[in-house]
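As a plain string of letters, each chain reads:
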Amino acid sequence: PLHILACSTQQNLELYQVIVEKYPENLITKDEWGALPIMYALWRNAPSEIMQFLIESYLSIYLNHGLNWSTMVETLGRANAPLNVIQNLLDVQQTFFTDQHIDWVKVLEKLAEPVSLGDVPYPQEETFRIMVERGISKRVNAIGVKC
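What you see is a predicted model, and the numbers here were worked out from it, not measured in a lab.

Novice: Explanation requested: the packing of aromatic side chains in the structure shown.
Specialist: In this description, a pair of aromatic rings is defined by centroid distance and the angle of the planes. The tally for this structure, following the rule as stated, stands at three aromatic pairs. On the basis of an interplanar angle of 50 degrees and a centroid distance of 5.1 Å, the ring pair of Trp-69 and Phe-97 is categorised as tilted. Of the two residues, Trp-69 sits in helix H5 (residues 69-78) while Phe-97 sits in the loop between helix H6 (83-96) and helix H7 (104-112), which places them 28 residues apart along the sequence. With a relative accessible area of 1%, Trp-69 lands in the buried category. Three or more aromatic residues joined by ring pairs form one cluster here, namely Tyr-58, Trp-69 and Phe-97.

Novice: Can you walk me through the nonpolar core in this structure?
Specialist: Grouped burial of nonpolar side chains is what soluble globular proteins tend to show. Of all hydrophobic cores here, the largest spans 40 residues; its most connected members are Tyr-16, Ile-38, Leu-54, Leu-67, Trp-69, Val-73 and Trp-104. Looking at this core, the elements with two or more residues in it are helix H1 (2-7), helix H2 (13-22), helix H3 (37-43), helix H4 (48-61), H5, H6 and H7. With six residues, H4 is the single largest residue contributor to this core. Aside from chain neighbours lying at most four places away, what touches Leu-67 is Leu-36, Ile-38, Tyr-58, Met-72, Phe-97 and Gln-100.

Novice: What is the right way to read the side chain of Gln-100 from this model?
Specialist: Within the secondary structure layout, Gln-100 lies in the loop between H6 and H7. In this structure the side chain of Gln-100 is engaged in a polar contact, spanning 2.8 Å, whose partner is the backbone nitrogen of Leu-67. Those residues within four positions of Gln-100 in sequence are excluded, and the remaining contacts are Tyr-58, His-65, Gly-66, Leu-67, Trp-69 and Gln-93.

Novice: Honestly, the side chain of His-3 in this entry has me stumped. Any pointers?
Specialist: With respect to the helices and strands, the residue His-3 is situated in helix H1. At a separation of 2.7 Å, a polar atom in the side chain of His-3 contacts the main-chain carbonyl oxygen of Thr-29.

Novice: Please clarify how H4 should be interpreted in this entry.
Specialist: Residues that lie three or four places apart on an α-helix share one face, since the helix turns once every 3.6 residues. For H4, spanning 14 residues, the distance from its first C-alpha to its last is 20 Å, which sits close to the expected 20 Å at 1.5 Å a residue. When we look at burial in H4, the residues that qualify are Ile-50, Met-51, Phe-53, Leu-54, Ile-55, Ser-57 and Tyr-58.

Novice: What am I meant to see in unusual backbone geometry here?
Specialist: Peptide bonds are mostly trans, and most non-glycine residues show a negative phi. One non-glycine residue, Asn-45, lies in the positive phi region at around 55 degrees. Mapped onto the secondary structure, Asn-45 falls in the loop between H3 and H4. With phi around 50 degrees, Asn-80 is a residue other than glycine that occupies positive phi space. As for its placement among the helices and strands, Asn-80 is situated in the loop between H5 and H6.

Novice: Would you mind going over the environment of Leu-83 with me for this structure?
Specialist: Note that Leu-83 resides in helix H6. As for Leu-83 and Ile-130, which are separated by 47 residues in sequence, their C-alpha atoms are 8.3 Å apart. Not counting the four nearest positions on each side in its chain, Leu-83 is found in contact with Glu-126, Thr-127 and Ile-130.

Reading guide: rules and limits
Residues numbered from 1 in each chain as written. Predicted model: local features only at pLDDT ≥ 70, side-chain atom pairs only at ≥ 80, totals over all residues. Heavy atoms only, no water. Phe/Tyr/Trp six-rings, centres within 6.5 Å; stacked < 30°, edge-to-face > 60°. Helix = DSSP H or I, 4+ residues; strand = E, 2+ residues; numbered from the N terminus. Buried < 20%, exposed > 50% of the residue type's maximum accessible area, 1.4 Å probe, protein only. Core = buried A, V, L, I, M, F, W, Y, C linked by side-chain atoms within 4.5 Å. Contact = heavy atoms within 4.5 Å. Polar contact = N/O pair within 3.5 Å; in protein donor to acceptor, adjacent residues only side chain to side chain. Expected span 1.5 Å × (residues − 1).

Geometric values such as these leave the question of function open.
Next comes the structure, spelled out in C-alpha coordinates:
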(Lines give C-alpha, C1' and ligand atoms only; values in the text may rest on other atoms or scores of the structure.)
Protein backbone atom coordinates (compact mmCIF):
# COMPACT_ATOMS: atom_id res chain seq x y z
CA PRO A 1 0.00 0.00 0.00
CA LEU A 2 2.83 2.46 0.67
CA HIS A 3 4.11 2.18 -2.91
CA ILE A 4 0.68 3.05 -4.29
CA LEU A 5 0.32 6.01 -1.95
CA ALA A 6 3.81 7.26 -2.84
CA CYS A 7 2.88 7.13 -6.55
CA SER A 8 -0.40 8.95 -6.00
CA THR A 9 -1.07 12.51 -7.07
CA GLN A 10 -2.91 12.92 -3.74
CA GLN A 11 -0.36 13.02 -0.93
CA ASN A 12 -1.68 12.81 2.63
CA LEU A 13 0.66 12.65 5.62
CA GLU A 14 -1.97 11.04 7.85
CA LEU A 15 -2.35 8.13 5.41
CA TYR A 16 1.41 7.61 5.40
CA GLN A 17 1.41 7.62 9.20
CA VAL A 18 -1.38 5.04 9.43
CA ILE A 19 0.23 2.71 6.89
CA VAL A 20 3.68 2.90 8.48
CA GLU A 21 2.21 2.41 11.95
CA LYS A 22 0.24 -0.68 10.89
CA TYR A 23 2.69 -2.06 8.31
CA PRO A 24 6.21 -0.67 8.97
CA GLU A 25 7.74 -3.35 6.73
CA ASN A 26 6.29 -1.40 3.77
CA LEU A 27 9.18 1.05 4.20
CA ILE A 28 11.64 -1.60 3.00
CA THR A 29 9.41 -3.79 0.84
CA LYS A 30 10.36 -3.76 -2.85
CA ASP A 31 7.65 -3.83 -5.48
CA GLU A 32 7.75 -6.11 -8.52
CA TRP A 33 10.29 -3.76 -10.18
CA GLY A 34 12.54 -3.73 -7.12
CA ALA A 35 11.63 -0.16 -6.13
CA LEU A 36 10.97 1.21 -2.67
CA PRO A 37 8.29 3.70 -1.60
CA ILE A 38 10.89 6.37 -0.77
CA MET A 39 12.01 6.42 -4.41
CA TYR A 40 8.44 6.81 -5.66
CA ALA A 41 7.77 9.59 -3.15
CA LEU A 42 10.84 11.44 -4.40
CA TRP A 43 9.87 10.80 -8.02
CA ARG A 44 6.38 12.23 -7.42
CA ASN A 45 7.86 15.27 -5.60
CA ALA A 46 6.04 14.42 -2.39
CA PRO A 47 5.77 17.36 0.02
CA SER A 48 8.72 17.88 2.35
CA GLU A 49 6.75 16.82 5.45
CA ILE A 50 6.03 13.46 3.83
CA MET A 51 9.65 12.98 2.80
CA GLN A 52 10.75 13.92 6.32
CA PHE A 53 8.28 11.42 7.79
CA LEU A 54 9.49 8.61 5.49
CA ILE A 55 13.14 9.35 6.22
CA GLU A 56 12.63 9.60 9.99
CA SER A 57 10.48 6.45 10.02
CA TYR A 58 13.05 4.50 8.06
CA LEU A 59 15.91 5.70 10.26
CA SER A 60 14.07 4.95 13.50
CA ILE A 61 12.73 1.52 12.48
CA TYR A 62 15.28 0.17 10.00
CA LEU A 63 18.52 1.92 10.87
CA ASN A 64 20.64 -1.13 10.02
CA HIS A 65 18.85 -1.97 6.77
CA GLY A 66 20.69 -0.48 3.79
CA LEU A 67 18.77 1.06 0.92
CA ASN A 68 20.01 0.29 -2.58
CA TRP A 69 20.78 3.83 -3.71
CA SER A 70 22.58 2.56 -6.81
CA THR A 71 19.41 0.86 -8.06
CA MET A 72 17.32 3.94 -7.28
CA VAL A 73 19.67 6.22 -9.23
CA GLU A 74 19.79 3.77 -12.12
CA THR A 75 15.98 3.46 -12.18
CA LEU A 76 15.49 7.22 -12.28
CA GLY A 77 18.19 7.60 -14.93
CA ARG A 78 16.68 4.91 -17.17
CA ALA A 79 13.25 6.49 -16.78
CA ASN A 80 14.64 9.88 -17.77
CA ALA A 81 13.27 11.33 -14.56
CA PRO A 82 13.62 15.11 -14.32
CA LEU A 83 17.03 16.23 -13.10
CA ASN A 84 15.52 17.85 -10.00
CA VAL A 85 14.12 14.46 -8.96
CA ILE A 86 17.51 12.80 -9.36
CA GLN A 87 19.12 15.70 -7.51
CA ASN A 88 16.60 15.34 -4.67
CA LEU A 89 17.38 11.63 -4.39
CA LEU A 90 21.12 12.33 -4.24
CA ASP A 91 20.58 15.10 -1.68
CA VAL A 92 18.52 12.79 0.55
CA GLN A 93 21.21 10.11 0.34
CA GLN A 94 24.04 12.54 1.11
CA THR A 95 22.18 14.31 3.92
CA PHE A 96 20.45 11.49 5.79
CA PHE A 97 22.13 8.27 4.67
CA THR A 98 25.80 9.24 4.55
CA ASP A 99 26.93 5.75 5.55
CA GLN A 100 25.09 4.22 2.59
CA HIS A 101 26.85 4.62 -0.73
CA ILE A 102 26.15 4.70 -4.43
CA ASP A 103 28.24 2.44 -6.64
CA TRP A 104 28.76 5.01 -9.38
CA VAL A 105 30.85 2.69 -11.54
CA LYS A 106 28.04 0.13 -11.60
CA VAL A 107 25.33 2.77 -12.16
CA LEU A 108 27.16 4.45 -15.04
CA GLU A 109 28.08 1.12 -16.65
CA LYS A 110 24.44 0.01 -16.48
CA LEU A 111 23.18 3.30 -17.92
CA ALA A 112 25.73 3.17 -20.74
CA GLU A 113 24.81 -0.38 -21.78
CA PRO A 114 23.18 -0.61 -25.19
CA VAL A 115 19.50 -1.38 -25.13
CA SER A 116 17.48 -3.13 -27.77
CA LEU A 117 14.49 -1.56 -29.45
CA GLY A 118 11.50 -1.59 -27.12
CA ASP A 119 13.63 -1.75 -23.98
CA VAL A 120 14.10 1.01 -21.48
CA PRO A 121 15.72 4.01 -23.21
CA TYR A 122 19.14 5.49 -22.54
CA PRO A 123 19.13 8.35 -20.09
CA GLN A 124 19.22 11.75 -21.71
CA GLU A 125 22.68 13.20 -22.25
CA GLU A 126 22.25 15.89 -19.58
CA THR A 127 21.11 13.31 -17.02
CA PHE A 128 24.08 11.08 -17.80
CA ARG A 129 26.50 14.04 -17.58
CA ILE A 130 25.18 15.06 -14.15
CA MET A 131 25.50 11.48 -12.91
CA VAL A 132 29.08 11.23 -14.16
CA GLU A 133 29.92 14.51 -12.42
CA ARG A 134 28.37 13.33 -9.16
CA GLY A 135 30.07 9.97 -9.50
CA ILE A 136 33.57 11.38 -9.80
CA SER A 137 33.22 14.36 -7.44
CA LYS A 138 33.91 12.31 -4.29
CA ARG A 139 36.98 10.72 -5.82
CA VAL A 140 38.33 14.06 -7.01
CA ASN A 141 37.72 15.63 -3.61
CA ALA A 142 39.32 12.66 -1.85
CA ILE A 143 42.60 13.12 -3.65
CA GLY A 144 42.57 16.89 -3.16
CA VAL A 145 42.27 17.98 -6.79
CA LYS A 146 40.81 21.46 -7.22
CA CYS A 147 38.51 21.89 -10.21
